[in-house]
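# Topology and contacts: notes
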Amino acid sequence: MSTPTGFMEYKRQLPADREPAERIKDWEEFHKHMAEEELRTQGARCMDCGTPYCHTGIDMIGGTSGCPVHNLIPEWNNLVYRGLWKEALERLHKTNNFPEFTGRICPAPCEGSCTVGLIGQPVTIKTIEEAIIEKGFEEGWVVPQPPEKRTGKRVAVVGSGPAGLATAAQLNKAGHSVTVYERSDRVGGLLMYGIPTMKLDKKVVQRRVDLLEAEGIQFITNTEIGKDIPAQQLVDEYDAVVLCGGATKPREFNIEGSTLKGVHYAMDFLNGSIKSYLDSNLEDGNYISAKDKDVIVIGGGDTGSDCVATSLRHGCRTITQFGTHTQAPMERDRINNPWPQFPNVYTLDYAQEEAKALFGQDPREFSIMTTKFVGDDEGNLKELHTIQIERIVDETGRKIYQPIPGTERVFPAQMAMIAIGFDGPEQTLVEQLGLETDRRTNVKARYGKYNTNVDKVFAAGDMRRGQSLVVWAINEGREAAREVDKYLMGATVLA
């Protein structure tokens, strides 16, 4: 506990973001930082709640409740309040390898399950988390910490996203020699090429990668396992192999006209834009441009929002985002969405806030379904046809979407992005190694063990659990590393 009555004395505060109309002119991070005294005041709002749900990290109906890496939130809130920043950093790093990532891009389920949020506004946990790690870098407290001795065991990690980096960091800490294989030209996976720079500056990612490299981890880029190197070769050459390739197979959207020019998958659009920006500040033209186009984004999640923000920076003419879900209520539904579930309430994400600032309204259309794409005589997309839908329970008890007759509409569009999620991992490695999969084609690896049906081969992250949050990927990487360490050494030294 920080102060007995801090949650009553002080109001929740958040750092001011850069003005939307200004920030869409560049690709820099959109959030600002709070002064140290303000952060200490926010830490004082953390109460003595007896059983803090903020660090539970469990799946509940409607999403995650609490922190999946089980951050010791009340402890470092108290330390920040007392001005003990270095001690706060030590507590934060006990559970989270990369707080500079989660402090920026995690949706903060910890705040949704904060006890103060039962009767008011939750503690500003995410902002304090980012401030702690940035303070650590500023003060020079975050330095390479290579292991004192090596075990002689060699481990290959496939994929350098958050799960792969967390796995590698922990196994290296245990003294194993770790090599991380990445098929792209830069390390970071989703962190590097899947999340726009205005949410996560790539210098922040590279800073951590450089630190891991200085601690002894070897990174090999431009190398796709299963294509450039046979998967079995890794199994033969290493003492253990951990698959952290993510759930990168896009969910297909096979409706009439989906092969027209101008219809793209979201990750192709985002990856190209980010890479071109990093390579040449977009001057090479090696990306799908939304400039001067009427753009439709199909999908109401984070990836769809990132497509909205990127299209705005390209200079699109109009932007609209479709979602099959209904518009969320302004306040938490205490019956169907009770605490400590993640609150399903109406909010404007950074991208929707930017679109509203530019065009005067929320760009989202709710409870809407695309029925077909229509093109011109040259095969270019020119419009989308839609219908409104409602969710009903059919005769078998299933919840399904039903079209509402008479609600058909036509939207002009020269570009459409499909951002409706992913259908699991790509199957090359799965097939080459003969890995068992679940009904969703994810690699089947026992939770709590992470070992597959193939000896020496483990799986973690989205490749095992399916599309999820970055913070779950870090959790999976840390837990998989523990099991690999046990497998190699008979016991584990990892937390």
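Thresholds applied
Residues numbered from 1 in each chain as written. Predicted model: local features only at pLDDT ≥ 70, side-chain atom pairs only at ≥ 80, totals over all residues. Heavy atoms only, no water. Helix = DSSP H or I, 4+ residues; strand = E, 2+ residues; numbered from the N terminus. Polar contact = N/O pair within 3.5 Å; in protein donor to acceptor, adjacent residues only side chain to side chain. Contact = heavy atoms within 4.5 Å. Buried < 20%, exposed > 50% of the residue type's maximum accessible area, 1.4 Å probe, protein only. Core = buried A, V, L, I, M, F, W, Y, C linked by side-chain atoms within 4.5 Å. Pairing = 2+ DSSP bridges. Axes fitted to C-alpha atoms, helices over the stretch in contact; angles between N-to-C directions. 1 Å grid on protein atoms, 1.4 Å probe; cavity = no way out; pocket = protein on both sides within 12 Å on 5 of 7 lines; lining within 4 Å. Points joined across faces, edges and corners; volume = space filled by probe spheres on them. Nonpolar A, V, L, I, M, F, W, Y, C, P; charged D, E, K, R; others polar. Left-handed = near helix turned anticlockwise from the far one by under 90°. UniProt positions renumbered as here; feature names shortened; annotations may be inferred. Salt bridge = Lys/Arg side-chain N within 4 Å of Asp/Glu carboxyl O.

## What about the side chain of Ser 273?
- By the element assignment, Ser 273 lies in helix α13 (residues 266-280).
- Here the side chain of Ser 273 touches Phe 269 through a polar contact of 3.1 Å, landing on its backbone oxygen.
- Among residues more than four places away in sequence, those in contact with Ser 273 are Leu 282, Tyr 287, Ile 288, Thr 310 and His 314.

## Here's the deal with the side chain of Arg 104
- The residue Arg 104 is located in helix α6 (residues 99-105) in this model.
- When its relative accessible area of 10% is taken as the criterion, Arg 104 is described as buried.
- Here Glu 100 takes part through its backbone oxygen, which lies 3.0 Å from a polar atom of the side chain of Arg 104.
- Residues within four places of Arg 104 in sequence aside, it is in contact with Glu 29, His 31, Lys 126, Glu 130, Glu 134, Lys 199, Leu 200 and Val 204.

## Re the nonpolar core
- Residues Ile 132 and Leu 191 are the most contacted members of the largest nonpolar core, which totals 70 residues.
- Considering every element that reaches this core, the biggest residue donor is helix α18 (residues 470-489), with 8 residues.
- Dropping the residues within four chain positions of it, Ile 132 is found in contact with Trp 76, Val 80, Trp 85, Ala 88, Leu 89 and Leu 92.
- Residues Ala 290, Cys 316, Ile 319 and Phe 422 belong to the second largest nonpolar core, which totals 26 residues.

## A look at the sheet that holds strand β9 (residues 318-322)
- Pairing within the open sheet is parallel, and its 5 strands lie in the order β7-β15-β8-β9-β10. Edge positions in the sheet fall to β7 (263-265) and β10 (364-365), since each of these pairs with one other strand and no more.
- Bridge analysis of β7 against strand β15 (residues 415-418) gives 3 bridges, and the strand direction is parallel. Within β15, the residue paired with Val 263 across the bridge is Ala 416.
- Running at roughly 75° to β7, α13 makes contact with β7 and β15 of the sheet.

## A few points about the sheet that holds strand β4 (residues 177-181)
- The strand order β5-β4-β3-β6-β16 describes an open sheet built from 5 strands, whose pairing is parallel. In this open sheet, the two edge strands, each paired with only one partner strand, are β5 (218-220) and β16 (457-459). Pairwise comparison of adjacent strand axes, ignoring direction, gives a mean angle of 20° for this sheet.
- Of the strand pairs in this sheet, strand β3 (residues 154-158) and β4 are connected by 5 bridges, and their pairing is parallel. Note on β4: the bridge partner recorded for Ala 156 is Thr 179.

## Thoughts on the layout of surface pockets
- Of the voids in this model, the second largest pocket is the one considered here, and its volume is about 530 Å³.
- Taken together, 21 residues form the lining of the second largest pocket, with His 93, Val 143, Gln 145, Lys 173 and Glu 215 sitting closest to its centre.
- For the lining of the second largest pocket, the secondary structure elements donating two or more residues are α5 (85-93), α9 (162-173) and α11 (202-214).
- The element contributing the most residues to the lining of the second largest pocket is α5, with 4 residues.
- When its residues are assigned to classes, the lining of the second largest pocket shows 10 nonpolar, 5 polar and 6 charged.

## A word on the packing of α9 against α18
- In the contact formed by α9 and α18, the axes pass within 7 Å of each other and the chain directions differ by 35°. When you trace α9 past α18, the crossing you get is right-handed. Of α18, the residues touching α9 (which contributes Pro 162, Ala 163, Ala 166, Thr 167, Gln 170 and Leu 171) are Val 470, Ala 473, Ile 474, Gly 477, Arg 478, Ala 481, Val 484 and Asp 485.
- Grouping the constituent residues of the contact of α9 with α18 by class yields 9 nonpolar, 3 polar and 2 charged.

## Remarks on empty space enclosed by the protein
- Taken as a whole and judged by the stated rule, the model has 2 cavities of 30 Å³ or more.
- Here the largest cavity is characterised by a volume of approximately 90 Å³.
- In this structure, the largest cavity is lined by 15 residues; those nearest its centre are Cys 46, Cys 49, Cys 54, Cys 114 and Thr 115.
- When residues of the lining of the largest cavity are assigned to their parent elements, the largest contribution, 3 residues, is made by helix α4 (residues 73-81).
- Broken down by class, the residue content of the lining of the largest cavity amounts to 12 nonpolar, 3 polar and no charged.
- Each pocket or cavity is described by its volume, and for the second largest cavity that value is around 80 Å³.
- If you go around the second largest cavity, you meet 13 residues; those closest to its centre are Cys 67, Asn 71, Cys 106, Cys 110 and Glu 129.

## Concerning the UniProt feature "domain: FAD/NAD(P)-binding" (unreviewed entry) in the protein chain
- Residues annotated in UniProt with the feature "domain: FAD/NAD(P)-binding" (unreviewed entry) correspond here to residues 154-477.
- Secondary structure content for residues 154-477 is 29% helix and 21% strand, while the C-alpha to C-alpha distance between its ends is 17 Å.

## Considering the pattern of salt bridges
- One pass over the structure, following the stated rule, counts 31 salt bridges.
- Note that Arg 104 is salt-bridged to Glu 130, the shortest N-O span being 3.5 Å. Within this pair, whereas Arg 104 is found in helix α6, its partner Glu 130 is found in helix α8 (residues 125-138), the two being separated by 26 residues in sequence.
- In this structure, Lys 135 engages Glu 139 in a salt bridge whose closest nitrogen and oxygen atoms are separated by 3.6 Å.
- Note on Lys 135: relative accessible area 18%, which makes it buried.
- One connected set of salt bridges, linked through shared partners, spans Glu 29, Arg 104, Glu 130, Glu 134 and Arg 207.

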